[in-house]
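# Structure at a glance
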Amino acid sequence: MKMKEFTERHHAYIAAVFYQLLLEHFGKRGERAFIMATQRYGEQRGSRMAQRAIRDGKPLNFFSYKEYGEWVNTTSVMEEMGGNQSEEISYAPDYQIKVTVCPWARQFADMGMQKCGALYCRHIDKSIARGFNPELVYEVPQNMNDEAYCIQILRGANFEPGKIPASKPERRKDFSYHCAHIYYTFSDIIISIFGEEGEEIAQAVFTSFEEQYGEDMAARLLDYEETDFNLIDA
């Protein structure tokens, strides 16, 4: 049987199970650990984007931030819901969008984990931007986990209609990579904070993923066990 495609939904599932277990075991401390893990994960993604941009002689502005993004919607999610859908509200000086469809929000809702989604989405994009260049200001004043839609603002982006770049395929990572990245970075932070109890939570997340999606997909996560997600490989 062919392994299913890793998607944005698998990625959200991992975050949601970490949140659920952290909250059950540690309450507010667990929530703070979840925020820290989300921030570290986002900063690592942004740093990889910046490393590629610096290598290529590009400035670390929002134009390059868009050029060096590491993902696009997967085929499965495009077929299911048309991928992320948004409306552009303004281009300059600030680029502002209203997001109305999102696979992460859909997965969090399907799991009854909107509180997790609201917390994750409050931090993830601005953490990626901070990892790319701490001088960039990326604001998410609301998200669809607890509102009707998301608002995202890239301060001072100064884009032009029709001239906003998309990332190139060679700069992207598939969602097996992204799922492994969020699993291992969250695991590292949780274990660092909570020791053996953190190890038990990380293992419980892995077991939950395996039960939900099968042994083959879980085994694929293990293929990245020695990967340094701080560094680029291409």
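None of these values were measured; they are calculated from a predicted model. (Residues numbered from 1 in each chain as written. Predicted model: local features only at pLDDT ≥ 70, side-chain atom pairs only at ≥ 80, totals over all residues. Heavy atoms only, no water.)

Within the protein chain, the secondary structure is distributed over 9 helices and 4 strands. Helices and strands in the protein chain line up, N terminus first, as α-α-α-α-β-β-α-α-β-β-α-α-α. The C-alpha atoms of the protein chain give a radius of gyration of 17 Å, which matches the 17 Å a tight globule of 234 residues would have. The dimensions of the protein chain, computed from C-alpha atoms along their principal axes, are 50 × 40 × 40 Å. Counting across all 234 residues of the protein chain, residues that qualify as buried make up 51%. Summarising the internal contacts of the protein chain: among those between residues at least 6 apart in sequence, 75% fall at separations of at least 24. Accessible surface, the protein chain as shown: approximately 11,400 Å² in total, 47% of it carbon and sulfur. (Helix = DSSP H or I, 4+ residues; strand = E, 2+ residues; numbered from the N terminus. Rg over C-alpha atoms; globule rule 2.2 N^0.38 Å. Buried < 20%, exposed > 50% of the residue type's maximum accessible area, 1.4 Å probe, protein only. Contact = heavy atoms within 4.5 Å. Areas by Shrake-Rupley, 256 points an atom, 1.4 Å probe, with all protein chains shown as cover.)

Tallying each qualifying case throughout the model produces 15 salt bridges. Between lysine 58 and glutamate 67 there is a salt bridge, and its shortest N-O distance comes to 3.3 Å. Residue class for lysine 58 comes out partly exposed when judged on its relative accessible area of 31%. Here glutamate 67 falls in the buried class, since its relative accessible area comes to 12%. As a salt-bridge pair, aspartate 223 and arginine 220 come within 3.1 Å of each other at their nearest N and O atoms. Residue aspartate 223 is classed as exposed on the basis of its relative accessible area of 54%. Ionic contacts of the salt-bridge type, sharing partners, join the residues Arg9, Glu80 and Asp110 into one network. (Salt bridge = Lys/Arg side-chain N within 4 Å of Asp/Glu carboxyl O.)

Turning our eyes to something else, we now look at a negative patch on the surface. On the surface, Glu196, Glu197, Glu199 and Glu200 cluster together into a negatively charged patch. Residue placement: glutamate 197 occurs in helix α8 (residues 196–213). (Patch = residues over 30% accessible without salt bridge, like charges linked within 9 Å, V, L, I, M, F, W, Y side chains within 5 Å. Lys, Arg positive; Asp, Glu negative; His and termini not counted. Charge placed at Lys NZ, Arg CZ, Asp CG, Glu CD.)

In the contact formed by helix α1 (residues 8–26) and helix α6 (residues 114–132), the axes pass within 10 Å of each other and the chain directions differ by 105 degrees. As summarised for this structure, α1 and α6 are arranged roughly perpendicular, according to the angle between their axes. Along the contact surface, α1 presents His11, Ala15, Ala16 and Tyr19, while α6 presents Lys115, Cys116, Leu119 and Tyr120. Per-class residue counts for the contact of α1 with α6 are 6 nonpolar, 1 polar and 1 charged. (Axes fitted to C-alpha atoms, helices over the stretch in contact; angles between N-to-C directions. Parallel < 35°, antiparallel > 145°, perpendicular 65-115°, else oblique. Nonpolar A, V, L, I, M, F, W, Y, C, P; charged D, E, K, R; others polar.)

A full pass over the atoms with the stated rule returns 23 aromatic pairs. Judged by centre distance (6.1 Å) and plane angle (70 degrees), the rings of tryptophan 71 and phenylalanine 175 are edge-to-face. Taken together, the positions of tryptophan 71 in the loop between α3 (62–67) and α4 (75–81) and phenylalanine 175 in helix α7 (residues 175–194) put the pair 104 residues apart, joining distant regions of the chain. In textbook terms, an aromatic cluster arises when at least three aromatic residues are bridged by ring pairs, as seen for Phe18, Tyr19, Phe34, Tyr183, Tyr184, Phe186 and Phe206. A cation over an aromatic ring shows up here: lysine 98 above the ring of tyrosine 149, its NZ or CZ 4.4 Å from the ring centre. (Phe/Tyr/Trp six-rings, centres within 6.5 Å; stacked < 30°, edge-to-face > 60°. Lys NZ or Arg CZ within 6 Å of the ring centre and 35° of its normal.)

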